[in-house]
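# Remarks on the overall topology
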Amino acid sequence: MEYFPDIKKGKFRYYDPEKVVAGKKMKDWTRFSLALWHFFGEGTDMFGSGTMIRPWGSATEQNTLKKEIEAAFEFAKKLSIDYYAFHDLDVIPPTEKVSVIEKSLDQVVPLLKSEMEKSGVKLLWGTANLFRDPTYVHGAATSPYPEVFARAATQVKKMLDVTLELGGEDFVIWPGREGYDTLLNTDMKKGIELFGSFLSAVADYASEIGFKGQLLVEPKPMEPMKFIYVADVMSLWALLQHYGLTGKFKANIEANHATLANRSFQHELHLARSFGLLGSIDINQGDYLVGWDLDRFPTDLYDSTLAAYEVIENGGIAPGGFNFDAKVRRGSFEPVDLAYAYQAGMDTVARGFEVAAALKKDRVFEEFVEERYSGYSSGIGKKISEGKVTLKELRDYALNTEGFKPKSGRQEYLEDLLNAYLTSTPPRGASPGVLPSRRDREATCFCVLEMEIPWIGLKAGKPQVDFCFSPREEARE
Ligand code: XLS
Ligand code: CA
Ligand code: CA
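Take the nonpolar core next. Membership of the largest hydrophobic core comes to 110 residues, with the highest contact counts inside it found for Leu36, Ala72 and Tyr84. Of all the elements, helix H11 (residues 335–361) adds the most residues to this core, at 12 residues. With near-sequence residues (within four places) excluded, Leu36 lies in contact with Ala72, Tyr84, Ala85, Phe86, Asp90 and Val91.

Rendered as structure tokens:
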């Protein structure tokens with residue numbers, strides 16, 4: 001049966017799987033994935049029931065799960081989404097018994113396998129749902145009860161087996177219930193220790209069964225708990241080091257979780273990349289005016305450009321990918337809205353890669369940053385960097401360099417340059433504008449206002465030398 005007869009294939013403005021940007025095909029940079037839990041979402045919210053019109057019928061109908069799964073693979077194939085991701089509980093009938101979860105998974109794996117073979121869609125990551133069952137009310141791996149810890153471990157064990165069997169490239173642990181609602185009944189140190197112990201057992205079992213994929217932990221600061229122990233990349237980094245788990249786990253960074261933690265998506269990616277922790281991405285966005293997790297499809301080009309920039313800098317995201325942990329709004333209830341949503345999201349990420357590739361090619365920010373920190377590459381700066389300097393030496397140096405004046409950080413200049421690249425990088429099929437290379441810009445003291453951008457009707461003007469700034473000139477001063 002064809003579930004989406006009106007959808008033939010994705011209609012993209014920017015995403016072209018075979019197009020090479022920054023030395024790699026777009027599909028290899030992006031490795032897009034469809035999240036089954038959102039795809040099957042019914043459009044309920046805290047105040048209202050489901051709104052979605054879906055070709056697989058209502059949730060009460062027999063055999064719906066099979067239809068949902070078939071529909072998801074058909075959709076992913078049509079939209080050129082190469083991967084998918086799922087929790088154990090996404091693909092089996094509701095149950096509270098782990099023994100039933102194990103059996104039901106055994107029953108559904110052959111269906112997943114055959115759909116994967118038919119469609120060519122691969123498994124990006126598997127995960128265990130350690131938050132829905134009422135037993136997890138006080139935490140799963142950090143519950144005060146060993147019985148609950150063991151139950152959570154059993155679910156993870158089974159999903160690791162399933163992920164291995166399906167050739168999954170990563171395995172995610174999202175510790176959404178691993179935190180507290182009040183410290184009045186909580187031993188926070190114990191909780192964090194328990195989570196460390198849980199991760200160690202997971203890493204051991206993964207290596208025991210020969211799972212070669214990447215193990216990932218997904219930070220989030222709150223929701224459903226008031227505070228979640230792995231709140232952001234920095235807390236994950238501390239935890240991994242403390243429990244001797246560096247090199248065993250990386251981060252799965254979700255855009256909306258970063259903003260809930262009051263960090264930008266770029267911040268979390270940048271930090272993870274710097275520590276060698278950038279494993280995979282859950283791509284979505286929140287809303288500046290709303291304080292909770294919205295999982296909107298991403299449409300913010302500014303954010304996607306900066307994210308792509310970090311991924312290019314990281315040399316790619318494989319074996320991770322860009323998983324759409326995103327859902328259509330409750331009001332976008334027609335099946336075709338799913339296609340619009342994925343197209344918008346994939347184009348947003350793809351466009352981000354085009355712009356970021358242009359920024360990288362011209363080393364727009366790198367040269368500036370390198371020059372800014374260049375004092376640390378020789379002399380006393382080098383000694384400081386290597387941790388080989390004494391306070392006495394530093395005092396002598398400070399007295400000798402008294403009167404030193406820092407240079408401007410040129411934030412607005414750099415932000416303006418970023419805007420220039422965002423508006424001037426030619427989209428697929430358009431004739432290139434005349435954004436001069438960085439070197440030319442420096443030579444002619446180019447200004448953003450003088451760009452010719454044919455597809456938005458901007459004409460080139462005369463360079464206005466007096467507005468311009470060249471970091472090289474400045475460096476020579
Ligand atoms: C919820 C999380 C969850 C994980 C997988 O906020 O994003 O969906 O990605 O359990
Ligand atoms: Ca997520
Ligand atoms: Ca989310």
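Ligand 1 sits among His87, Thr127, Val172, Trp174, Gly176, Glu218, Lys220, Glu254, Asp282, Asp293 and Asp325. Partitioned by chemical class, the residues of the shell around ligand 1 number two nonpolar, three polar and six charged.

Another aspect to go through is the packing of helix H9 (residues 265–274) against helix H10 (residues 301–313). Angle between the axes and distance between the axes: these two values describe a pair of packed helices. Relative to each other, H9 and H10 sit at 5 degrees, their axes nearing to 9 Å. With respect to H10, the element H9 is oriented roughly parallel. When H9 is examined against H10, the residues Phe265, Gln266, Leu269, His270 and Arg273 are found in contact with a partner set consisting of Asp303, Leu306, Ala307, Glu310 and Glu313. Looking at side-chain class alone, the contact of H9 with H10 contains four nonpolar, two polar and four charged residues.

Mapped onto the elements of the fold, Leu269 is located in helix H9. For the pair Leu269 and Asn252, spaced 17 residues apart in sequence, the C-alpha separation works out to 9.6 Å. In contact with Leu269, other than residues within four places in its own chain, are Ile253, Leu278, Ala307 and Glu310.

This brings us to the sheet that holds strand S8 (residues 214–217). Backbone hydrogen bonds are what pair the strands of a sheet, in a parallel or an antiparallel way. If you walk around this closed barrel you meet the eight strands as S3-S4-S5-S6-S8-S10-S11-S12, and the pairing is parallel. Ignoring strand direction, the axes of neighbouring strands in this sheet form an average angle of 30 degrees. Here two bridges tie strand S11 (residues 278–282) to strand S12 (residues 322–324), and the two strands are oriented parallel to one another. Across the sheet, Ile281 pairs through a bridge with Phe322, a residue of S12. In the packing of helix H5 (residues 146–165) onto the sheet, contacts are made with strand S5 (122–127) and strand S6 (170–173), and the angle to S5 comes to roughly 175 degrees.

We now examine unusual backbone geometry. For the bond running from Glu223 to Pro224, omega is 10 degrees, close enough to zero to count as cis. Summarising the element assignment, Pro224 is placed in the loop between S8 and strand S9 (227–228). Across the junction of Ala318 and Pro319, the peptide omega takes the value 5 degrees, indicating a cis bond. Structurally, Pro319 is set in the loop between H10 and S12. Its identity is not glycine, yet Glu223 carries a phi of approximately 75 degrees, on the positive side. Not every positive phi belongs to a glycine, and Asp295 is a case in point at roughly 55 degrees. The exposure class assigned to Asp295 is buried, which follows from the 23 C-beta atoms found within 10 Å.

Cut-offs and rules
Within any chain, residue numbers begin from 1 and follow the written order of that chain's sequence. Chain letters and ligand numbers both follow the written order, the letters beginning at A and the numbers at 1. Local features in this predicted model are restricted to residues whose pLDDT is 70 or higher, and side-chain atom pairs enter the listing and the counts only when it is 80 or higher, whereas totals over whole chains, interfaces and linings include all residues. By convention the nonpolar core is taken to be a set of buried residues drawn from Ala, Val, Leu, Ile, Met, Phe, Trp, Tyr and Cys and joined through C-beta atoms within 7 Å. Counting other C-beta atoms within 10 Å of its own, a residue is labelled buried from 20 upward, exposed at 12 or fewer, and partly exposed in the gap between, with every C-beta atom placed from the backbone. To qualify as a helix, a DSSP run of H or I must reach at least 4 residues; to qualify as a strand, a run of E must reach at least 2; elements of each kind are numbered from the N terminus. For the purpose of contact definition, each residue receives a C-beta atom placed from its backbone, and two residues are in contact when these atoms lie within 7 Å. What makes a residue near a molecule or strand is its C-beta atom, placed from the backbone, lying within 6 Å of it. When residues are grouped by polarity, Ala, Val, Leu, Ile, Met, Phe, Trp, Tyr, Cys and Pro land in nonpolar, Asp, Glu, Lys and Arg in charged, and all others, Gly among them, in polar. Axis definition: a line fitted to C-alpha atoms, over the contacting stretch in the case of helices. Angles run 0 to 180 degrees between N-to-C directions. Roughly parallel means an angle under 35 degrees; roughly antiparallel means over 145; roughly perpendicular covers 65 to 115; every other angle is labelled oblique. Two strands form a pair only when DSSP identifies at least two bridges running between them.

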